[in-house]
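Observations on the three-dimensional arrangement
Here are the chains, one letter per residue:
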Amino acid sequence: MNVHEYQAKDLMRQFNIAVLKGGVANTPAEAVEVAKKLDTKVWVVKAQIHAGGRGKGGGVKLARSLEEVEKLAKEILGMQLVTHQTGPEGKKVLKVLIEQGCDIDHEYYCGIVLDRSVGKPAFMVSTEGGMDIETVAHNTPEKIIKAYIDPATGFTAAHGRKLGYALGLKGEPLKKAISFFENLYKMYIEKDCSIAEINPLVTTKQGEVLALDGKLNFDDNALFRHPEIEAMRDITEESEQELEAGKFGLSYISLDGNIGCLVNGAGLAMATLDILKLQGGTPANFLDVGGGATKETVQKAFTIILQDKNVKAILVNIFGGIMKCDIIANGVVDAAKELDLKVPLVVRLEGTNVALGKKILAESGLKITPANDLADAAKKAVDAAKGAK
Amino acid sequence: MAILINRNTRLITIGLTGKQGTFHTLQSRDYGTNVVGGVTPGKGGTVHEGIPVFNTTFEAVQETGANAAMIFVPPPYAADSIIECIDAELPLIICITEGIPVNDMIKVKAALKGSKSRLIGPNCPGVITPGECKIGIMPGHIHMPGNVGVISRSGTLTYEAVYQLTQREIGQSTCVGIGGDPVNGTNFIDCLEMFEKDPETKAVIMIGEIGGTAETDAARWIKAHMTKPVVSFIAGAAAPKGKRMGHAGAIISGEDDSAEAKFKVLQECGITIARSPAELGQKMAEVLKK
C-alpha cells in the first residue's frame, strides 16, 4: 500500500525523523492558512499524488510570497499531473503539501528495501541524491553503499558509521545522519514498510540533516496489524475495479487489450497473458480468482471484466487444484445467463472434477467454445476477439 | 529415491483441525502419504479423522516420530508455527499459508540458519513425489512417477507443466513448489542441487517469474554445476511495469528482472527455453530424446 508524501512525513515525525515544517491543503485558501503558520520566507508547493517525478511534471513549485502560494496552489490543485510513473493520462491533483524552504548544502539518497537474494533489509545510501536512483544503480553501482541489517542485531552503531562516513559526513551532521538512519530503520520495521526511501536527504547550510521528500510503501500482508496505516489509504489513488475485485478476494489489474481473462493462480494468470500475446492477441486484464473461489466470486469476476468496454472475448483458464472445475463451470454458466453475455466465451478447464465441469458447460445450452489445452484456448480466444471486431 | 519426500516420510499437519488443514491432510492421506499426527493448541489428546492431535509440535514429534510438517495456519500466526517446527527439529517444513508478512519471514529465515530444518514455501502448493508421497494442495491424479524434476514459484502453473508432461507419458521424480513470496525457505539452487544428486532425476523443469534474481542466480549455478538438462519458462513477459501480479514476488520495476532479461540469461547459460507456457512438455520431450 502506498501513502502520500504528507502522510509519510507525519509518520516520520512520530519517529523523530527530521523533516521540514509543513501541512496539507485541499484548497488555495487552506494553502495560504498553512503557509502563514510557517516561519519562512520561501514556501514549496508540492502536488500530492502517488507517483514519482512530480517536479519534472510541474507539480512542485517555489513561492516567495503568500500571494504566490495561493496562485501556485490554484494552478496545481485540480491539474492533471503527468509524470513518467502516471501514464500519459496523468493523475488529478486533489491535495498540495505546503512546506517551508531550506538552504540546501548537499543532496544525498537513502532508502531501505528488502533484498530478496539475502532475505534481509538492505539500507542503501548514495552521494548522488536527487537523481533517479535506478539510473545511478545502473550506471555507477559503486556509488550506492549498502548495509544489510540482520533481524537479530537490528540497526547498530556500526551500520550507522558505515553509512554516515560513506556519505563523507563529519561532526554534527554525521551524528544527525546516524540518528536519522537509526530512526528510519525503526519505522521501517515497526510499521512493516516494504520501501522507505528518502530522495533527496539533504544537509543544510545550518548543519541540519533533513528528509526533503519521503516515499513509504507498506507490506499489504502486514496491514492487519496496522489499522493506523490502513486508515491512510487514499482510495482516489486506486482503480475502482481493482478495489472492487479486492473485496471479493480477486486480484484484478486492468490492461489495455481486448481479451478478458479469468484464471486461477497468479503464475498461470501471468502465463495466460503471455501466451495470448504470443498468439497475437492482447489481454484486457490480469485476473486471479484465487484458490477459494465460489460461484459468487466467479460471477463477480465476470461483472468486473465486462465493465471494460474494450473486451471483445473472454478466456476462462482454470487448472483445478483446490478449486473444483464443476464449481467454476456453474459460476460461468450462471454469470453468462444473468449478465446476458454477448461476447464470445472460450473456456478451458483441467484438474479436479474436470469431467463434471465440462458436462455442466456442454449441457448449459450456452454458446461456449470449449478448449482442449492452453495453446488451443489462447488461439481460440485470439480468433474470437478478432472475429468480433 | 527422488528428493525431499518418499514412502518413509512421516507427516504431521500443523493446523490439522481447520477446514483447509483437514481437507488437504485427508487428500494427502488418500494419495498414500503416511499421516501420523496433527497439531492444534487446545485440542491435544483428541483424535480428528482418525489422526491423533497434539497441543505442540514438540509433543507431536516426540510421540509420533514425524519427520515432516505441513502448515495450514492463518497468516498472522504462520511464522510462529514455522519457528515451532524449527524448535522441534523437524527436518522438513512445508508451509502452504499465503499472506505472511515479509518481516515475519525475515525472522524465520534467520532462525532457519544453522538449524536442522529445511523450509519449503511459504505461499506454495507443496511437494509431491508421484506414487509415493504428497504433501500439499496439488491435485495428485495429474502426476505420474518418472524421472523429471519440477521446481516452480507458482501453483497452478506447476500443475500445467506437470499435466503437459503426464500427457506425453513423461513421469516426474519430485515436484517442488518453492512459493511466490519474496522471502522463502528454499530457492531454485537448493532444489537444483538436490535434483543433480538424485539418481532418479534425469532432467529438470524450472518455472520462474518476473521480479528478483532467483532465476538468473539459478541459471549461473546450472552453467557451473549442473550436468542434467534444464528446461525453463519465465511467466510475466506480458506484465506491465510497476504492477504486482498477485504474487508479492512478481513485481516488475526495472529492466533487469523482466522476463526478457531472464530468458536471455537462461539461454546464455545453456538452458532450453520454452517461450510459451504451452511448450514446456514438448521441449522436455525433445530434450529427453537427445
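You'll find the structure just up there.
What counts, and where the lines are drawn
- Residues numbered from 1 in each chain as written.
- Chains lettered and ligands numbered in written order.
- Predicted model: local features only at pLDDT ≥ 70, side-chain atom pairs only at ≥ 80, totals over all residues.
- Heavy atoms only, no water.
- Helix = DSSP H or I, 4+ residues; strand = E, 2+ residues; numbered from the N terminus.
- Rg over C-alpha atoms; globule rule 2.2 N^0.38 Å.
- Buried < 20%, exposed > 50% of the residue type's maximum accessible area, 1.4 Å probe, protein only.
- Contact = heavy atoms within 4.5 Å.
- Areas by Shrake-Rupley, 256 points an atom, 1.4 Å probe, with all protein chains shown as cover.
- Lys, Arg positive; Asp, Glu negative; His and termini not counted.
- Charge placed at Lys NZ, Arg CZ, Asp CG, Glu CD.
- 1 Å grid on protein atoms, 1.4 Å probe; cavity = no way out; pocket = protein on both sides within 12 Å on 5 of 7 lines; lining within 4 Å.
- Points joined across faces, edges and corners; volume = space filled by probe spheres on them.
- Nonpolar A, V, L, I, M, F, W, Y, C, P; charged D, E, K, R; others polar.
- Pairing = 2+ DSSP bridges.
- Axes fitted to C-alpha atoms, helices over the stretch in contact; angles between N-to-C directions.
- Buried area = accessible area lost by both parts, 1.4 Å probe.
- Salt bridge = Lys/Arg side-chain N within 4 Å of Asp/Glu carboxyl O.
- Polar contact = N/O pair within 3.5 Å; in protein donor to acceptor, adjacent residues only side chain to side chain.
- Parallel < 35°, antiparallel > 145°, perpendicular 65-115°, else oblique.
- Left-handed = near helix turned anticlockwise from the far one by under 90°.

1. Some points on the overall build of chain B
From N to C terminus, chain B includes nine helices and 14 strands. Over its C-alpha atoms chain B spans a radius of gyration of 18 Å, differing by no more than 12% from the 19 Å that the globule rule assigns to 290 residues. Its C-alpha atoms put chain B at 55 × 40 × 30 Å along the principal axes. Looking at chain B as a whole, 64% of its 290 residues qualify as buried. Considering only residue pairs separated by 6 or more positions, chain B has 73% of its internal contacts joining residues 24 or more positions apart. Here chain B displays about 10600 Å² of accessible surface, and carbon together with sulfur accounts for 50% of that area. Distance from the positive charge centre (27 side chains) to the negative charge centre (29 side chains) of chain B: 4 Å.

2. Things to note about the layout of surface pockets
In this model, the second largest pocket occupies a volume close to 430 Å³. Taken together, 26 residues make up the lining of the second largest pocket; nearest its centre are Arg116 and Ser117 of chain A together with Asn184, Asn187 and Ala214 of chain B. Residue assignment for the lining of the second largest pocket shows that the elements contributing at least two residues are helix H6 (188–197) and helix H7 (214–225) of chain B. Ranked by the residues each element gives to the lining of the second largest pocket, the list is headed by H6 of chain B, at three residues. Taken together, the residues that form the lining of the second largest pocket break down as seven nonpolar, eleven polar and eight charged.

3. Remarks on the sheet that holds strand S2 (residues 43–47) of chain A
All names here are of chain A. The sheet built from four strands is open, its strands ordered S1-S6-S2-S3 with antiparallel pairing. If you trace the sheet from one side to the other, it starts and ends with strand S1 (22–25) and strand S3 (60–63), each paired once. Taking the axes of each pair of neighbouring strands and ignoring which way they run, one obtains an average angle of 20° across the sheet. Where S1 and strand S6 (residues 96–100) come together, four bridges link them in antiparallel fashion.

4. Considerations on the interface of chain B and chain A
Size of an interface, as often reported, equals the accessible area lost when the parts are brought together. In this complex, chain B contributes 54 residues to the contact, which on the side of chain A involves 45 residues. Taking both partners together, chain B and chain A bury about 3700 Å²; carbon and sulfur atoms supply 64% of that area. Summed over the shared surface of chain B and chain A, the number is two salt bridges. Our enumeration of links across chain B and chain A arrives at twelve residue pairs in polar contact (both at pLDDT 80 or more). At the level of elements, helix H1 (19–31), helix H4 (102–112), helix H5 (156–167) and strand S13 (230–235) of chain B are the ones that each hand at least two residues to the side of chain B that touches chain A. Sorting elements by how many residues they give to the side of chain B that touches chain A places H4 of chain B first, with six residues. Looking at the side of chain B that touches chain A residue by residue, the classes come out as 27 nonpolar, 16 polar and eleven charged.

5. Topic: the packing of H5 of chain B against helix H9 (residues 280–289) of chain B
Residue and element names in this part refer to chain B. One way to put it is that H5 packs onto H9 with a least axis distance of 8 Å and a crossing angle of 50°. Here H5 lies oblique to H9, going by the angle between them. Helix-helix and strand crossings are classified by hand; for H5 and H9 the assignment is right-handed. For the pair H5 and H9, the contacting residues are Ala161, Gln164 and Leu165 in the first and Leu280, Gly281 and Met284 in the second.

6. Topic: the packing of H6 of chain B against H7 of chain B
All names here are of chain B. At a minimum axis separation of 9 Å, H6 and H7 run at an interaxial angle of 30°. Between H6 and H7, the angle is such that the two are roughly parallel. The chirality of how H6 crosses H7 is right-handed. Judged by residue contacts, Phe188, Ile189, Leu192, Glu193 and Glu196 of H6 engage Ala214, Glu215, Asp217, Ala218, Trp221, Ile222 and His225 from H7. Across the contact of H6 with H7, the residue classes tally to seven nonpolar, one polar and four charged.

7. Considerations on the sheet that holds strand S14 (residues 272–273) of chain B
Residues and elements named next belong to chain B. Spatial ordering of the open sheet is given by S9-S8-S11-S10-S12-S13-S14, a layout of seven strands whose pairing is mixed. The open sheet has two free edges, formed respectively by strand S9 (133–136) and S14, since each of these has just one partner strand. The strands that H5 touches are strand S10 (145–152), strand S11 (172–177), strand S12 (203–209) and S13; relative to S10, the one it contacts most, it runs at about 155°. Packed onto the sheet, helix H8 (residues 259–268) meets S12, S13 and S14 and runs at close to 170° relative to S13.

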